[in-house]
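# Residue-level structural notes
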Amino acid sequence: MKQQLSIVKIGGNVIENQVELEQFLLNFSKLKGLKILVHGGGKLATKLAAQLGIESQMSNGRRITDAKSLEVITMVYGGLTNKNIVSKLQALGTNALGLSGADGNSIQAHKRPVKEIDFGFVGDIDGINADFLNSVLSTGITPVFCAISHDGKGQLLNTNADTIASEIAIGMSPIFDTTLYYCFEKKGVLKDVEDENSVIQQINTETYSDLLQQKVIADGMLPKMENCFHALNNHVRKVCIGDISMLQPNTKLFTTITL
């Protein structure tokens with residue numbers, strides 16, 4: 001029987017809120033068994049870039065990453081945000097190791113090909129170094145990944161954190177029984193965006209199709225759900241979406257997605 005592994009992705013809005021971040025990290029540190037944390041940090045990168053006189057460009061909610069933006073992203077994601085999270089986890093008794101995709105050749109990617117839009121130094125993932133991650137986990141260390149991959153030729157690449165989390169879950173699924181958690185500011189996938197408590201607690205392939213037709217799932221939730229089903233179709237056992245309380249043992253109000 002495979003050992004359980006939890007992969008948890010934390011959203012930028014939680015990182016920005018110190019009180020929520022502290023509570024999330026406390027919940028994460030109490031999570032039983034082996035675990036990996038993945039974080040973004042887009043808002044802070046945008047803020048610092050503005051202070052440095054670098055304009056942040058977006059297309060359909062996705063960041064266009066030129067060379068200057070990549071420098072800021074590397075500093076913020078791989079430096080400030082990552083090390084803050086790691087130090088707070090150490091204070092909570094979780095021995096964490098901050099990583100980018102370049103460290104241990106953990107996440108290999110290629111620069112996204114130019115189609116209608118040139119996203120610049122944005123990476124699409126080719127593979128995960130599961131052996132390396134397994135060796136880190138086996139020593140009792142919790143990897144903490146920022147949203148940066150590399151191309152194996154010396155180039156760092158800005159990569160969507162949701163995608164990194166799902167690809168790590170997929171890459172580790174031959175070794176572990178993997179569950180993927182997307183932790184953000186909402187309690188889950190909502191029936192009504194105006195009602196915070198209208199959480200759809202169970203979604204499967206059939207109900208997902210219905211929700212798409214009814215346009216209940218739309219806009220920013222679409223790419224997240226695509227990542228969820230991509231993971232499930234590649235042997236991840238289940239995916240959960242919710243706020244920071246989701247990791248607490250008695251919480252029932254979050255969304256569980258299965259095939």
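The paragraphs below set out a description of the structure included in this document. (Residues numbered from 1 in each chain as written. Predicted model: local features only at pLDDT ≥ 70, side-chain atom pairs only at ≥ 80, totals over all residues. Heavy atoms only, no water.)

### Some points on the sheet that holds strand E2 (residues 34–39)
Defined as follows: The pairing criterion is simple: DSSP has to find at least two bridges between the two strands. By definition, any uninterrupted DSSP run of H or I lasting at least four residues is a helix, any uninterrupted run of E lasting at least two residues is a strand, and each is numbered from the N terminus. Any two residues whose heavy atoms approach within 4.5 Å are treated as being in contact. Axis definition: a line fit to C-alpha positions, over the contact stretch in the case of helices; interaxial angles, taken between N-to-C directions, run 0 to 180 degrees.
With respect to topology, eight strands assemble into an open sheet ordered E5-E8-E2-E1-E11-E13-E14-E12, the strand pairing being mixed. The sheet terminates laterally at strand E5 (96–99) and strand E12 (202–203), the two strands that pair on one side only. Sheet topology note: the strand E1 (residues 4–10)/strand E11 (residues 177–183) ladder contains seven bridges and is parallel. Residue Ser 6 lies in a different strand from E11, and its bridge partner there is Thr 179. Most of the contacts of helix H6 (residues 161–172) go to E11, to which it runs at about 170°, and overall it touches E1, E2, strand E8 (142–145) and E11. In the packing of helix H8 (residues 221–232) onto the sheet, contacts are made with E1, E11, E12, strand E13 (238–242) and strand E14 (255–257), and the angle to E13 comes to roughly 155°.

### Brief notes about the side chain of Ser 166
Our working definition: We call a residue buried when its accessible area falls under 20% of the maximum for its residue type, exposed when it is over 50%, and partly exposed in between, using a 1.4 Å probe and counting protein chains only. We define a polar contact as two N or O atoms separated by no more than 3.5 Å, with the added condition that, inside protein, one atom must be a possible hydrogen donor and the other a possible acceptor, whereas residues neighbouring each other in sequence contribute only through side-chain atom pairs.
Along the polypeptide, Ser 166 turns up in helix H6. The class for Ser 166 is buried, based on a relative accessible area of 0%. Within the structure, Ser 166 has its side chain in polar contact with the backbone oxygen of Thr 163 (distance 3.1 Å).

### Some remarks on the nonpolar core
Heads up, the condition is: As used here, the term nonpolar core means buried Ala, Val, Leu, Ile, Met, Phe, Trp, Tyr and Cys residues forming a set that is joined through side-chain atoms within 4.5 Å.
Judged by nonpolar contacts, the single largest core of 50 residues is most densely connected at Ile 7, Ile 168, Leu 180, Ile 203, Met 225, Val 239 and Ile 257. In terms of residue count, the dominant contributor to this core is H6 (seven residues). Aside from chain neighbours lying at most four places away, what touches Leu 180 is Ile 7, Ala 165, Ser 166, Ala 169, Ala 231, Val 236, Lys 238, Val 239 and Cys 240. Counting 22 residues, the second largest nonpolar core, distinct from the first, contains Val 8, Ile 85, Ala 96 and Leu 247.

Shape is all these values report; function is a separate question.
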